[in-house]
Amino acid sequence: PWEKTEEQVGAEAKPNELQGAAAGAKSYNARSGGIVGLLAQMQDQFTADLSEAQKQDFMALVAFENLRAAKLGEIAVATEAKERAEADLADLLDKVAKAKEDMEATAAAMAADQEFLANMRTDCKSEDEQYKARTEIRSKEIVALGETLKILTEDSARDLYAKSTLVFLQRGSSSASVAAQ
């Protein structure tokens, strides 16, 4: 009932051909074949997993670069739009400022025009009153001249002129004597 171990069987099957201190040593029959197989299988699995992970990383990197390029493009477009909007805003603010200046100038001109209109109405009213007064005086003068001519041209006035020897003639004038009095 003495049974040999696997080591013993392995040592008998493979005698040690070594020389020196290891010459008489018994051969080691490894029982780790299953472990090595398991490790080899794990290595194959890890290699496949590594390959798959590298492939996924590469695909993720490609997707990231595509996304990055797209986002950089969007940023460039948005930046350009922002700059355009800022330029439009600056132009609009400039136009508003100019419009305010124009409005102020127009308001000042309108105030001056209204003042001119008020003065013009006052002057026109005054001129109308003066014209009416002159017209009234002239109409009275015309009536008076008409009456005078009527009187002078009547037959009785001609007879009176014929009887009169007076002649009205101005012989001179002296403004110094009038000024002295």
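Residues numbered from 1 in each chain as written. Predicted model: local features only at pLDDT ≥ 70, side-chain atom pairs only at ≥ 80, totals over all residues. Heavy atoms only, no water.

Moving on to the overall build of the protein. A tally of regular secondary structure across the protein gives four helices and zero strands. In the protein, the succession of helices and strands from N to C terminus is α-α-α-α. With the model as given, the accessible surface of the protein reaches about 16700 Å², and the carbon-plus-sulfur share is 60%. (Helix = DSSP H or I, 4+ residues; strand = E, 2+ residues; numbered from the N terminus. Areas by Shrake-Rupley, 256 points an atom, 1.4 Å probe, with all protein chains shown as cover.)

Attention shifts here to the confidence of the model for the protein. Averaged over all residues, the pLDDT of the protein equals 83, while 76% of them reach at least 70. Mean pLDDT values over the elements of the protein span from 53, in helix 4 (residues 175-180), up to 93, in helix 2 (residues 33-153). (pLDDT = per-residue confidence, 0-100.)

Our focus in this paragraph is the pattern of salt bridges. Here the structure, examined in full by the defined rule, presents five salt bridges. A salt bridge links Arg84 to Glu80; the shortest N-O distance between them is 3.3 Å. One end of the pair, Arg84, and the other, Glu80, are both in helix 2, four residues apart, so they sit about a helical turn from each other. Residue Arg84 is classed as partly exposed on the basis of its relative accessible area, which comes to 46%. Lys140 is the salt-bridge partner of Glu136, the closest N and O atoms lying 3.5 Å from each other. Taken together, the positions of Glu136 and Lys140, both in helix 2 and four residues apart, correspond to about one turn of that helix. For Lys140, a relative accessible area of 53% translates into the label exposed. (Salt bridge = Lys/Arg side-chain N within 4 Å of Asp/Glu carboxyl O. Buried < 20%, exposed > 50% of the residue type's maximum accessible area, 1.4 Å probe, protein only.)

So, on to a nonpolar patch on the surface. Together, Ile35, Leu38, Leu39, Met42 and Phe46 make up a nonpolar patch on the protein surface, roughly 500 Å² of accessible area in all. Counting through the fold element by element, Leu38 comes out in helix 2. (Patch = residues over 30% accessible without salt bridge, like charges linked within 9 Å, V, L, I, M, F, W, Y side chains within 5 Å.)

Among the surface-exposed residues, Asp123, Glu127, Asp128 and Glu129 lie close enough to one another that they form a single negatively charged patch. Examined against the element boundaries, Asp128 turns out to sit in helix 2. (Lys, Arg positive; Asp, Glu negative; His and termini not counted. Charge placed at Lys NZ, Arg CZ, Asp CG, Glu CD.)

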